[in-house]
Amino acid sequence: SQKIEQNSEALNIQEGKTATLTCNYTNYSPAYLQWYRQDPGRGPVFLLLIRENEKEKRKERLKVTFDTTLKQSLFHITASQPADSATYLCALGERTGNQFYFGTGTSLTVIP
Amino acid sequence: SAVISQKPSRDICQRGTSLTIQCQVDSQVTMMFWYRQQPGQSLTLIATANQGSEATYESGFVIDKFPISRPNLTFSTLTVSNMSPEDSSIYLCSGLRGYNEQFFGPGTRLTVL
């Protein structure tokens, strides 16, 4: 069956450290992978996209890697801040169609 | 970025009734989608709203239960029909700009008694 799994437990880290979130998938052939941030009571907000032929993408303090052999993406937030506390979702976009399929989400808390 | 609004923002409904949720995008988008998000869970895609034709539903979702309309490029509605408590959830619409940047509405929180 198809699955998109993220860190199974909530992640708590100290301010200033690097947060690393994982996204693993099975039985998908994504053309690209996206990361979103979701705050309580709000819709997800798009952060980054990485294509299947890209290994790494950066945007300010964010870095995403994509390993199609391991079927995994890693999402890093460097120099983390309490304002980064939120739930982070990965989403896959397959080669055919324009649908997106979301992972289970990881709750991140950055402790001051 | 596109701005997406939804109405209503929340509602409490009786079992057996129907609710129509409206989604308005402030600029043209190529695709519009409807998702459901159970409390504390991730997003599940319900369907792709197609302009001027029937929506494309994901496995487990059917038109009779979730009729969708999209009369133009910036507006769509989702109806949750014959509701039961299991339909209590947050319903989100989204618009796709280009082919890969997706913008979400704030969601409609539905409670069915």
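Quick note: structure is the one above.
From a predicted model like this one, the values you see are computed outputs, not experimental measurements.

Thresholds applied
- Residues numbered from 1 in each chain as written.
- Chains lettered and ligands numbered in written order.
- Predicted model: local features only at pLDDT ≥ 70, side-chain atom pairs only at ≥ 80, totals over all residues.
- Heavy atoms only, no water.
- Contact = heavy atoms within 4.5 Å.
- Buried area = accessible area lost by both parts, 1.4 Å probe.
- Polar contact = N/O pair within 3.5 Å; in protein donor to acceptor, adjacent residues only side chain to side chain.
- Helix = DSSP H or I, 4+ residues; strand = E, 2+ residues; numbered from the N terminus.
- Nonpolar A, V, L, I, M, F, W, Y, C, P; charged D, E, K, R; others polar.
- Core = buried A, V, L, I, M, F, W, Y, C linked by side-chain atoms within 4.5 Å.
- Buried < 20%, exposed > 50% of the residue type's maximum accessible area, 1.4 Å probe, protein only.
- Salt bridge = Lys/Arg side-chain N within 4 Å of Asp/Glu carboxyl O.

Caption draft 1: Examining the interface of chain B and chain A more closely. At the junction of the two partners, chain B supplies 18 residues and chain A supplies 19 residues. For the pair chain B and chain A, the summed buried surface comes to about 1,500 Å²; carbon and sulfur atoms form 53% of the total. Taken together, the links from chain B to chain A amount to four residue pairs in polar contact (both at pLDDT 80 or more). For the side of chain B that touches chain A, the element with the highest residue contribution is strand β4 (residues 31-37) of chain B, accounting for four residues. Tallied by class, residues from the side of chain B that touches chain A come to 10 nonpolar, six polar and two charged.

Caption draft 2: Focus on unusual backbone geometry. The peptide bond linking Lys7(B) to Pro8(B) adopts the cis configuration, its omega dihedral lying at -10°. Note on placement: Pro8(B) falls in the loop between β1 (4-7) and β2 (10-13). Phi is positive for Lys71(A), close to 60°, though the residue is something other than glycine. As for its position among the elements, Lys71(A) is in the loop between β7 (62-67) and β8 (72-77). Here Asn82(B), not a glycine, exhibits a phi torsion of approximately 45°, which is positive.

Caption draft 3: Just the nonpolar core, in detail. Ile4(A), Leu33(A), Trp35(A), Phe75(A), Tyr88(A), Phe102(A) and Tyr35(B) are the most contacted members of the largest nonpolar core, which totals 42 residues. Element by element, the count of residues in this core is highest for strand β9 (residues 86-94) of chain A, at six residues. When near neighbours in sequence (up to four residues on either side) are disregarded, Phe102(A) contacts Ile4(A), Tyr36(A), Leu89(A), Cys90(A), Ala91(A), Tyr35(B), Ser42(B), Leu43(B), Gln102(B) and Phe104(B). Ile46(B), Ala55(B), Phe66(B) and Ile68(B) belong to the second-largest nonpolar core, a separate cluster that totals 26 residues.

Caption draft 4: Region of the structure containing the pattern of salt bridges. Residues and elements named next belong to chain A. Taken as a whole and assessed by the stated rule, the structure comprises five salt bridges over all chains. Close ionic contact of Arg37 with Asp39 constitutes a salt bridge, the shortest N to O distance being 3.1 Å. Judged by its relative accessible area of 18%, Arg37 is buried. Looking at Asp39, the relative accessible area reads 26%, which means it is partly exposed. Between Arg58 and Glu56 there is a salt bridge whose closest N-O contact spans 2.9 Å. A relative accessible area of 39% places Glu56 in the partly exposed class.

Caption draft 5: A look at the side chain of Ser94(B). All names here are of chain B. As for its position among the elements, Ser94 is in strand β9 (residues 89-97). Ser94 gets classed as buried once you look at its relative accessible area, which sits at 0%. Residues in contact with Ser94, not counting those within four places in the same chain, are Ile4, Met31, Met32, Phe33, Tyr35, Gln102, Phe103 and Phe104.

Such coordinate-based values are descriptive only and should not be taken to indicate function.
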